[in-house]
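# Tertiary structure, described
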Amino acid sequence: MKRGCAVAALATTAALTLSACGSGSGGAGADAGPPRPGGTLTFAVSSDQGCADPQQVTSNDSVYSVRQIVDSLTDQDPATGDIKPWLATSWKVNADATSYDFTLRPGVTFSDGTTLDANAVKANLDRVPKIGARGSLPKGYLSGYQGTTVTSPTTFTVRFAQPNVQFLQATSTYSLGILAPSSVAKTDDERCTGVIGSGPFVLESYTKNDSTVLTKRAGYDWGSSLFTHPGEAYLDRAEFRVVPESGVRTGSLQSGEVDAIASIGPQDEAPLSGAGVDLPARANPGLPFGIAFNQASPLGSDPAVREAVSLGINRPEVVSAVFTSQTKPATSVLASSTPEYVDNSALLGFDAARAGTVLDAAGWRAGPDGIRVKNGQRLTVPITFANNLSTVKPALELIQQQLRAVGIDAQLKEIQISDAPVVQQSGDFTAFWGNLTRADPDILRSQYWTGGTNFYRVKPGPLDALLTGQAAATDPAQRTALVDQAQKSMITQRLNVPVVELTTTLGVGPAAHDVAFDASSRIQLHDTWKSE
């Protein structure tokens, strides 16, 4: 099945949409004929994470470009969730998921001409655990990594100290995209200026907070089994421009200055549709946007404050006021498109009266201006955020108003997206607004297991056993049960207050075709083409 059609099939059952489907469909759904090679796709994004290394970025706006530079060992079907061949033609997992045998396809090279073989993969996997704070995602995927044994140029075995059932899905992610050994050997900061991969595009230039330019990799012939055509990408070049202002991005697309834009707001939908622009959308799996508390901070460790914040947020109102029509309120600590998601909306209702009762019982009394006070301290909760999407700040400003109505003074503290992992690692925050995309429930362990990065300073407890247990559960039914319990545990403790599921909505102009979503709702440009 063609990738674009696969996503459309998912839309049928999961209320997700991707209007461009099939080789002849265009940004406006016009019959543009068969795909043709050539042309430059210009794509406007709203932010830049300040790094061009796929193993060190998490923000969608940065992932869109760097994903095109690297190939992964496997790919994940966005319609079924099944793992498919890419660089690896086959694999075998032992009974307790502590050992993974892979066979690579031969003849793959990096864009610097060196061979992508088993030793190159080993160099990548050995290096990942040593990456700094920016690499929390791939480091989590390799939790318990014991090493890689190379048995031939195309075969190798990855070993773990304990069962690690999520690792196969992790091999499909951009975070474990394979870099050339020359890039692996560089420092984290050096890699942020640009890396070498084996993907369908090569990094031509990267200018921080300005642009990323990619050129087609000549001779590319080892694409994912999910790509719709073999060989090289259709496009000659792809230019990603950082355009922070939503109105400027929208105007640039309407005028034809750019071919596609990210971070669509609700105010953009009608004018863009009226201008013949497609608005493909797909819900991001993983952690929804929400507020995560620093459990080592005085207010973040106060269960009454956390519960009142959750009760004081009217999620449907936030979604309808700020986000596109495809967006849904969060109903668990996992987005509804994540495997093993369970609907916990009954635990996430809006109840301002109940929020007041909870705070009263904890000794937080209303002050003269309505903000609650306890022992002379105002209930001021700083919420740290990175304004990397046009919807982030309006959503938080509305939440600020909602929380004020229950006596909580939410103070918004904006940081640069490039500083987010540094702030999280430092612990210098009370509450942090964010999300994290991954099509596997192990995303909970990577963020909330006390033996991992533990950015939120969670104290050891029963949740640890649930998170590590699901990662080790080779029985699917057992894993489902453990993930269910972990979601309920996190919600009842309010370690994370989920608010809204991120739905990636793009604007795609009439000249651009087959801009496809992958399983994590990021884009894949190998099959994208231009009709002008």
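Remember, predicted model here, so these are calculated numbers, not experimental data. (Residues numbered from 1 in each chain as written. Predicted model: local features only at pLDDT ≥ 70, side-chain atom pairs only at ≥ 80, totals over all residues. Heavy atoms only, no water.)

### Details of the sheet that holds strand E14 (residues 365–366)
Taking strand neighbours across the sheet as the criterion, the three strands line up as E14-E15-E16 in an open arrangement whose pairing is antiparallel. At either margin of the open sheet sits one strand with a lone partner, and together these are E14 and strand E16 (377–378). Pairing of E14 with strand E15 (residues 372–374), which is carried by two bridges, proceeds in the antiparallel orientation. Bridge pairing in E15 links Ala366 to Arg372. (Pairing = 2+ DSSP bridges. Helix = DSSP H or I, 4+ residues; strand = E, 2+ residues; numbered from the N terminus.)

### Quick look at the pattern of salt bridges
When the charged atoms of two side chains lie near each other, side chains of opposite charge can form a pair. Scanning the model with the defined rule gives 23 salt bridges in all. One salt bridge in this structure joins Lys216 and Glu232, with 3.8 Å as the shortest N-O distance. A residue pair is termed long-range when its members are at least 10 positions apart, and Lys216 in strand E9 (residues 211–216) and Glu232 in the loop between E9 and strand E10 (237–242) qualify at 16 residues. A relative accessible area of 22% places Lys216 in the partly exposed class. For Glu232, a relative accessible area of 32% puts it in the partly exposed group. Lys530 serves as the salt-bridge partner of Asp259, at 3.2 Å between the closest nitrogen and oxygen. With a gap of 271 residues between them, Asp259 in the loop between helix H8 (246–255) and strand E11 (260–261) and Lys530 in strand E26 (residues 529–530) connect regions that are remote in the sequence. A single salt-bridge network, built from bridges that share partners, covers Glu204, Arg237, Glu239, Arg241 and Glu257. (Salt bridge = Lys/Arg side-chain N within 4 Å of Asp/Glu carboxyl O. Buried < 20%, exposed > 50% of the residue type's maximum accessible area, 1.4 Å probe, protein only.)

### Considering the state of the cysteines
Applying the stated criterion to the full structure yields one disulfide. Across the disulfide from Cys51 sits Cys192; the S-S distance is 2.1 Å. With the S-S bond torsion at -85°, the cross-link from Cys51 to Cys192 turns out left-handed. Of this pair, Cys51 sits in the loop between strand E1 (40–45) and helix H2 (60–66) while Cys192 sits in helix H7 (residues 188–192); the two residues are 141 residues apart in sequence, bridging distant segments of the chain. Note on Cys192: relative accessible area 7%, which makes it buried. (Disulfide = S-S within 2.5 Å.)

### Regarding the pairing of strand E20 (residues 496–500)
Taking burial as the measure, the five residues of E20 include five buried ones, the bulk of the element. Alignment of strand E13 (residues 286–293) against E20, held across four bridges, turns out to be antiparallel. Bridge pairing in E20 places Ala292 opposite Asn496.

### Comments concerning the sheet that holds strand E18 (residues 409–415)
The five strands are arranged E18-E17-E19-E13-E20 in an open sheet whose pairing can be described as mixed. The strands lining the two open edges of the sheet, one partner per strand, are E18 and E20. Each strand axis lies, on average, 30° off the axis of its neighbour in the sheet, ignoring direction. Bridge count between strand E17 (residues 380–386) and strand E19 (residues 431–437): two bridges; the pairing is parallel. Looking at E19, one finds that Thr384 is bridged to Phe432. (Axes fitted to C-alpha atoms, helices over the stretch in contact; angles between N-to-C directions.)

### Quick notes on the packing of helix H16 (residues 462–472) against helix H17 (residues 476–493)
Here H16 crosses H17 at 150°, and the two axes come no closer than 9 Å. Relative to H17, the crossing made by H16 is left-handed. Residues Leu463, Leu466, Leu467, Gly469 and Gln470 of H16 form the contact with H17, whose own contacting residues are Arg479, Leu482, Val483, Gln485, Ala486, Ser489, Met490 and Gln493. Classifying every residue of the contact of H16 with H17 gives seven nonpolar, five polar and one charged. (Left-handed = near helix turned anticlockwise from the far one by under 90°. Contact = heavy atoms within 4.5 Å. Nonpolar A, V, L, I, M, F, W, Y, C, P; charged D, E, K, R; others polar.)

### Concerning the environment of Asp514
Within the secondary structure, Asp514 is located in the loop between strand E23 (512–513) and strand E24 (516–517). Given the relative accessible area of 13%, Asp514 is considered buried. Within polar-contact distance, the side chain of Asp514 engages the side chain of Trp529 at 3.5 Å. (Polar contact = N/O pair within 3.5 Å; in protein donor to acceptor, adjacent residues only side chain to side chain.)

### Considering the UniProt feature "domain: Solute-binding protein family" (unreviewed entry) in the chain
Feature annotation in UniProt assigns "domain: Solute-binding protein family" (unreviewed entry) to the following positions: residues 83–448. With 28% helix and 24% strand, residues 83–448 has its two end C-alpha atoms placed 26 Å apart. (UniProt positions renumbered as here; feature names shortened; annotations may be inferred.)

### Section: unusual backbone geometry
Negative phi is the rule for most residues except glycine; trans is the rule for most peptide bonds. At Ala97, a position not held by glycine, the phi torsion is positive, near 55°. When you line up the elements, Ala97 lands in the loop between strand E4 (88–93) and strand E5 (99–104). On the basis of relative accessible area, Ala97 is assigned to the buried category, the value being 4%.

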